Amino acid sequence: MEEIITRFPPSPTGYLHVGGARTALFNWLYARHKKGKFILRIEDTDVKRSTQASVDAIFEALEWLGIDWDEGPYFQSQRFDLYREYIGKLLENGHAYYCDCPPERLERMRKAAMDVGGKPKYDGTCREKGLGPGEGRVVRFKSPLTGTTVMPDVIKGNIVFQNAELDDFVVARSDGTPTYNFVVVVDDVTMGINTVIRGDDHVNNTPRQILLYKALGADLPAFGHVPMVLGNDRTRLSKRHGAMSVTAYRDMGFLPDAFINYMVRLGWSHGDQEFFTRSELIEKFDIDHIGKSAGVFDPEKLTALNADHIKATPPESLIPHLKPFLAERSIVDPDPEFLKGIIRTLNTRSKTLIDMADGALFYFKDSIEYDEKADKKFLKPAVLPPLETLLSELEKLKTWDETGLETAFKATMEAHDLKLGKIAQPVRVALTGGTVSPGIFEIIEVLGKDKSLDRLSRVIGHIQGKSEG
RNA sequence: GGUCCCAUCGUCUAGUGGCCUAGGACGCCGGCCUCUCACGCCGGAAACACGGGUUCGAGUCCCGUUGGGAUCACCA
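The notes below deal with the structure included here.

Conventions and cut-offs
- Residues numbered from 1 in each chain as written.
- Chains lettered and ligands numbered in written order.
- Predicted model: local features only at pLDDT ≥ 70, side-chain atom pairs only at ≥ 80, totals over all residues.
- Heavy atoms only, no water.
- Helix = DSSP H or I, 4+ residues; strand = E, 2+ residues; numbered from the N terminus.
- Rg over C-alpha atoms; globule rule 2.2 N^0.38 Å.
- Buried < 20%, exposed > 50% of the residue type's maximum accessible area, 1.4 Å probe, protein only.
- Areas by Shrake-Rupley, 256 points an atom, 1.4 Å probe, with all protein chains shown as cover.
- Axes fitted to C-alpha atoms, helices over the stretch in contact; angles between N-to-C directions.
- Parallel < 35°, antiparallel > 145°, perpendicular 65-115°, else oblique.
- Contact = heavy atoms within 4.5 Å.
- Nonpolar A, V, L, I, M, F, W, Y, C, P; charged D, E, K, R; others polar.
- Phe/Tyr/Trp six-rings, centres within 6.5 Å; stacked < 30°, edge-to-face > 60°.
- Pairing = 2+ DSSP bridges.

Along its length, chain A carries 19 helices and 12 strands. Taking 2.2 N^0.38 as the reference for a compact globule, 469 residues should give roughly 23 Å; the C-alpha atoms of chain A span a radius of gyration of 32 Å, well beyond that estimate. Dimensions along the principal axes, computed over C-alpha positions, put chain A at roughly 105 × 50 × 40 Å. In chain A, which comprises 469 residues, the proportion classed as buried is 48%. Only carbon and sulfur atoms are counted for the fraction: they give 51% of the accessible area of chain A, which is about 22500 Å².

The structure is reproduced here in structure tokens:
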């Protein structure tokens, strides 16, 4: 079987957005699944709009997603000689011609056509003029006037276009630079791309490209047009729907594996399975089960999936992802073992890495500030005796583990005839400053003897200070 | 407006003519568990857009209607 070669061709006119990430993912996954090749190509023929900052942003996003490429990145801006050569071929074999129609006239024509409900097409004024190259002249593709062009699409099935609907589009601008539809074809042909998975918004371009393939005498790749990603108002996802850039999701505390799991699952399915690891995705991804209808991007489901991935990821593997968020909170170089223990207490209650970083904060505090409400409600003089008992029970403890802690608590509970609930909440406030936290035994164990005892004796002092004041 | 595409719970989807009194997931509601919050577990409400065909039988095939989306550049 022929080796599958796919590509991802972003244009560097901004960051990598959600929709782009998904098509990149589909192409990458398909290549990996088929043990083929995945090529990265930067489409920067529009010199005015392309920036190096965008190129960097795209690399950064791809890297975070864990999408790597086997060839490239190619830059179209460095391939102009090649495009010139192919335009020459088209001119030579009569598939293209020079045109000197002034753009203003064409624009007027288009508007007029639209107004009467017609199709804004080039009228072919220069089609048979036999013009040569010259200042201000563009090169147009000589499109067939009759017949049909069919696009075989592995997702949508065959789509038939009337050639009469197509016009003689520009392949080279008046400044000599080639246009999109043309360079894509030249690149895909010369790079040996045989599978083109891209957004739905390209279907109407495809017949023109197919015509170009034919004019160049090249074989057609397999096309697969994936439906769009929509915002919650069912229109194409855009900035007003919230974050668009992929790296924004990284900064919001999502795990890359969760993000790709969500992105792929939006539009593709494998029976009832919702959770996929990266390698499962590579193993199971296929084009057959890509859906035909557009899907709404749902941040809540992404979040739920992120929580699942956080739970499923071993604590030590989470560390590198969590560290930047801790650093933002002034926690640098935390002890890995300490951090591992912390993560273990937090991974079932964190939906994002931000949640987790926030939840980890109290572990690192030198002194605990008590939440005002919690202080008032739980740190009352009445809890002093049990707290004192607990403190001494803990001090005596030989083994600082969950069973040891339990016996210390049990002894305290019995001595004062209290239920765990009565004593756990004040202790929680003492250790964390608040009323919401991981299990009390887990915290004490991870925090360690010194810090726990210190925080407990501090709270005792705090309560005593109250009754005196 | 022309052309093209799409149509199962609020959302993502399973479903490829009988296995569907339509399954799963997110969200929502209720309960259990419980040291708080979560996790987990159990249960619930919630969909085949509409109308015609084809067929013994249609969510599944065909046509139409309606609705939604995409696209119509010397942008990609």
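Still to come is the rest of the account.
Let us look at the packing of helix H1 (residues 18–33) against helix H8 (residues 256–265). Taken N-terminus to C-terminus, the directions of H1 and H8 make an angle of 90°; their axes are 10 Å apart at the nearest point. Taken together, H1 and H8 sit at an angle that is classed as roughly perpendicular. Two secondary-structure elements touch here, H1 through Val 18, Arg 22, Leu 25, Phe 26 and Leu 29 and H8 through Phe 259, Ile 260, Met 263 and Val 264. Each residue belonging to the contact of H1 with H8 can be placed in one class, and the counts come to 8 nonpolar, no polar and 1 charged.

What follows deals with the environment of Leu 230. By the element assignment, Leu 230 lies in strand S11 (residues 229–230). The contact partners of Leu 230, leaving out residues within four places of it in the chain, are Thr 235, Arg 236, Leu 237, Ala 294, Gly 295, Val 296 and Phe 297.

In this structure the tally under the stated criterion is 16 aromatic pairs. Between Tyr 262 and Phe 297, the aromatic rings sit 5.4 Å apart at their centres with planes inclined by 85°, giving edge-to-face as the arrangement. A residue pair is termed long-range when its members are at least 10 positions apart, and Tyr 262 in helix H8 and Phe 297 in the loop between strand S12 (295–296) and helix H10 (299–312) qualify at 35 residues. Taking 5.0 Å as the distance between ring centres and 90° as the angle between the ring planes, the aromatic pair formed by Phe 409 and Phe 441 counts as edge-to-face. Of this pair, Phe 409 sits in helix H16 (residues 402–416) while Phe 441 sits in helix H18 (residues 440–447), and the two are 32 residues apart along the sequence.

Our focus in this paragraph is the sheet that holds strand S3 (residues 71–75). The strand order across the open sheet formed by 3 strands is S1-S2-S3, and the pairing between neighbours is parallel. Where the open sheet ends on each side, the last strands, each with one partner, are strand S1 (5–8) and S3. Strand-to-strand twist in this sheet, taken as the mean axis angle between neighbours without regard to direction, amounts to 25°. Looking at chain direction, S1 and strand S2 (residues 37–42) are connected through 4 bridges and run parallel. Looking at S2, one finds that Thr 6 is bridged to Phe 38. Contacts from H1 reach S1 and S2, with the element oriented near 160° to S1.

Buried residues dominate H18, accounting for 6 of its 8 residues. Residues of H18 that are buried: Ile 440, Phe 441, Ile 443, Ile 444, Val 446 and Leu 447. Looking one or two residues past H18, Gly 448 carries a phi angle of roughly 95°, positive in sign.

On to the sheet that holds strand S8 (residues 170–172), then. Read across the sheet, 3 strands follow the order S4-S5-S8 without closing on themselves; strand pairing throughout is antiparallel. Each edge of the sheet is formed by a strand with only one pairing partner; in this case those strands are strand S4 (96–99) and S8. Sheet twist, expressed as the average angle between the axes of neighbouring strands with direction ignored, equals 45°. Bridging between strand S5 (residues 138–141) and S8 involves 2 bridges; their strand directions are antiparallel.

That is the geometry; function is a separate question.
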